[in-house]
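Listed below are the residues making up each chain.
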Amino acid sequence: MDVRNIVILTGAGISADSGLATFRGADGLWEGHHVEDVATPEAYRRDPALVHQFYDARRARLSEVEPNAAHHALARLDAEWPGELLIVTQNVDDLHERAGAKRLLHMHGELTSGWCLACDQRFSWSGPMGEGASCPSCQTTGQVRPDIVWFGEMPYDMERIDAALRNADLFVSIGTSGAVYPAAGFVQSARYCGAHCIEMNLEPSQGSLFFNETRLGRARDLVPEWVEEVLA
């Protein structure tokens, strides 16, 4: 198989190996909260303090974890692959960047970014945000929210992602359940355009039948092996 253009989708399973909880457990809770209480625009309007408390805790947790072997392997692939490569992550953590990945998109936003609803600017953010946060661009207070794509909002950079999927020779999905759209539909888009599709996961995803290959196991084990194959 002649491969030049690669698109990689990563989900919560790749960060789970660094000790970050996966997005939604079998009980439907996200770190003890119902998703609709902390990850929707309605939740933010209803109880901004709770939402800020939740994301401030997630942001603080980032300083306690490190990229794992899967993140480092993808960063190596990014550095050494001569063709087109795009890593699309559903994760809002910064572990891909800290491992060294450059050709990267955060389709669901980033914990380390804020968004001012007053002036529409986005900016780097570390530490607590809270309801009283002040925008570094316009100095407005109380209008800064986490730069996170919540349920009911449009993911970022979809046009760029769609273009990459249309041109992909190889599509690889790592550590994602295949339950959340539009990311769950990427495999169908890529395969329709002729890409070979591989999934790596602890168990088959909901869209497993659309992949040419399924490799089961931990991302920290599977991804370095696969990157060695590709670069060889």
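Residues numbered from 1 in each chain as written. Predicted model: local features only at pLDDT ≥ 70, side-chain atom pairs only at ≥ 80, totals over all residues. Heavy atoms only, no water.

- With an unreviewed UniProt entry as reference, the chain is termed NAD-dependent protein deacylase, source organism Sphingomonas alba.
- UniProt, in its Sequence similarities (unreviewed entry) section for the chain, records the words "Belongs to the sirtuin family. Class III subfamily."
- Under the Function (unreviewed entry) heading, UniProt states for the chain: "NAD-dependent lysine deacetylase and desuccinylase that specifically removes acetyl and succinyl groups on target proteins. Modulates the activities of several proteins which are inactive in their acylated form." (UniProt positions renumbered as here; feature names shortened; annotations may be inferred.)

1. Structural notes on the pairing of strand β9 (residues 170–174)
Link 1 in the chain: When you tally the buried positions in β9, you get five out of five residues, the bulk of the element.
Link 2 in the chain: Taking every second residue as pointing to the same face, both faces of β9 are buried, with L170, V172 and I174 on one and F171 and S173 on the other.
Link 3 in the chain: Of the pairings in the sheet, the one linking strand β1 (residues 6–10) to β9 comprises five bridges and is parallel in character. Following the sheet pairing, V7 is matched in β9 by F171.
Link 4 in the chain: The sheet contact formed by β9 and strand β10 (residues 196–201) spans five bridges and is parallel. The residue bridging S173 from the neighbouring strand is E199, located in β10.
Link 5 in the chain: A crossover links β9 with its parallel partner β10, the connecting element being helix α8 (residues 186–192), and its sense is right-handed. (Buried < 20%, exposed > 50% of the residue type's maximum accessible area, 1.4 Å probe, protein only. Helix = DSSP H or I, 4+ residues; strand = E, 2+ residues; numbered from the N terminus. Pairing = 2+ DSSP bridges. Right-handed = clockwise from strand over helix to strand, strands pointing away.)

2. As for the UniProt feature "binding site: Zn(2+)" (unreviewed entry) in the chain
Link 1 in the chain: Residues annotated in UniProt with the feature "binding site: Zn(2+)" (unreviewed entry) correspond here to C116, C119, C135 and C138. A maximum C-alpha distance of 8.6 Å places the annotated residues, which cover 23 residues in sequence, within one compact spot.
Link 2 in the chain: Tracing the sequence through the fold places C116 in strand β6 (residues 109–116).
Link 3 in the chain: Looking at C116, the relative accessible area reads 0%, which means it is buried.
Link 4 in the chain: Once residues lying within four places of it in the same chain are set aside, the contact partners of C116 are Q121, F123, C135, C138, Q143 and V144.
Link 5 in the chain: If you trace the backbone, C135 turns up in the loop between β7 (122–124) and β8 (144–148).
Link 6 in the chain: Overall, the relative accessible area of 1% leaves C135 in the buried class. (Contact = heavy atoms within 4.5 Å.)

3. Side note on the side chain of S208
Link 1 in the chain: Note that S208 resides in the loop between β10 and β11 (213–216).
Link 2 in the chain: Looking at S208, its side chain comes within polar contact range of the side chain of E199, at 2.5 Å.
Link 3 in the chain: At 3.3 Å, the side chain of S208 forms a polar contact with the side chain of T214.
Link 4 in the chain: Ignoring anything within four residues of it in the chain, the contact list for S208 reads E199 and T214. (Polar contact = N/O pair within 3.5 Å; in protein donor to acceptor, adjacent residues only side chain to side chain.)

4. Let's talk about the domain arrangement of the chain
Link 1 in the chain: Taken as a whole, the chain is organised into domain 1 (1–20 + 67–108 + 155–232) and domain 2 (25–64 + 109–148).
Link 2 in the chain: Summarising the inter-unit geometry, the C-alpha centres of domain 1 and domain 2 are found 26 Å apart.
Link 3 in the chain: Across the contact, twelve residues belong to domain 1 and ten residues belong to domain 2.
Link 4 in the chain: Summed over both partners, the interface of domain 1 with domain 2 comes to about 880 Å²; 50% of that surface belongs to carbon and sulfur atoms.
Link 5 in the chain: Among the residues of domain 1 in contact with domain 2, L20, V92 and Y156 are the three that bury the most area, contributing 52% of the side total.
Link 6 in the chain: Our enumeration of links across domain 1 and domain 2 arrives at zero salt bridges.
Link 7 in the chain: The interface formed by domain 1 and domain 2 contains six residue pairs in polar contact (both at pLDDT 80 or more).
Link 8 in the chain: Each residue belonging to the side of domain 1 that touches domain 2 can be placed in one class, and the counts come to four nonpolar, four polar and four charged. (Domains from an automatic or database assignment. Buried area = accessible area lost by both parts, 1.4 Å probe. Salt bridge = Lys/Arg side-chain N within 4 Å of Asp/Glu carboxyl O. Nonpolar A, V, L, I, M, F, W, Y, C, P; charged D, E, K, R; others polar.)

5. Some points on the sheet that holds β6
Link 1 in the chain: Read across the sheet, three strands follow the order β7-β6-β8 without closing on themselves; strand pairing throughout is antiparallel. Each edge of the sheet is formed by a strand with only one pairing partner; in this case those strands are β7 and β8. Neighbour-to-neighbour, the strand axes of the sheet open up by a mean angle of 45°, direction not taken into account.
Link 2 in the chain: The pairing of β6 with β8 spans four bridges and is classified as antiparallel. In the strand pairing of β8, G109 is matched with I148.
Link 3 in the chain: Across the sheet, helix α4 (residues 48–62) lies against β6 and β8, angled at about 55° from β8, the strand it touches most. (Axes fitted to C-alpha atoms, helices over the stretch in contact; angles between N-to-C directions.)

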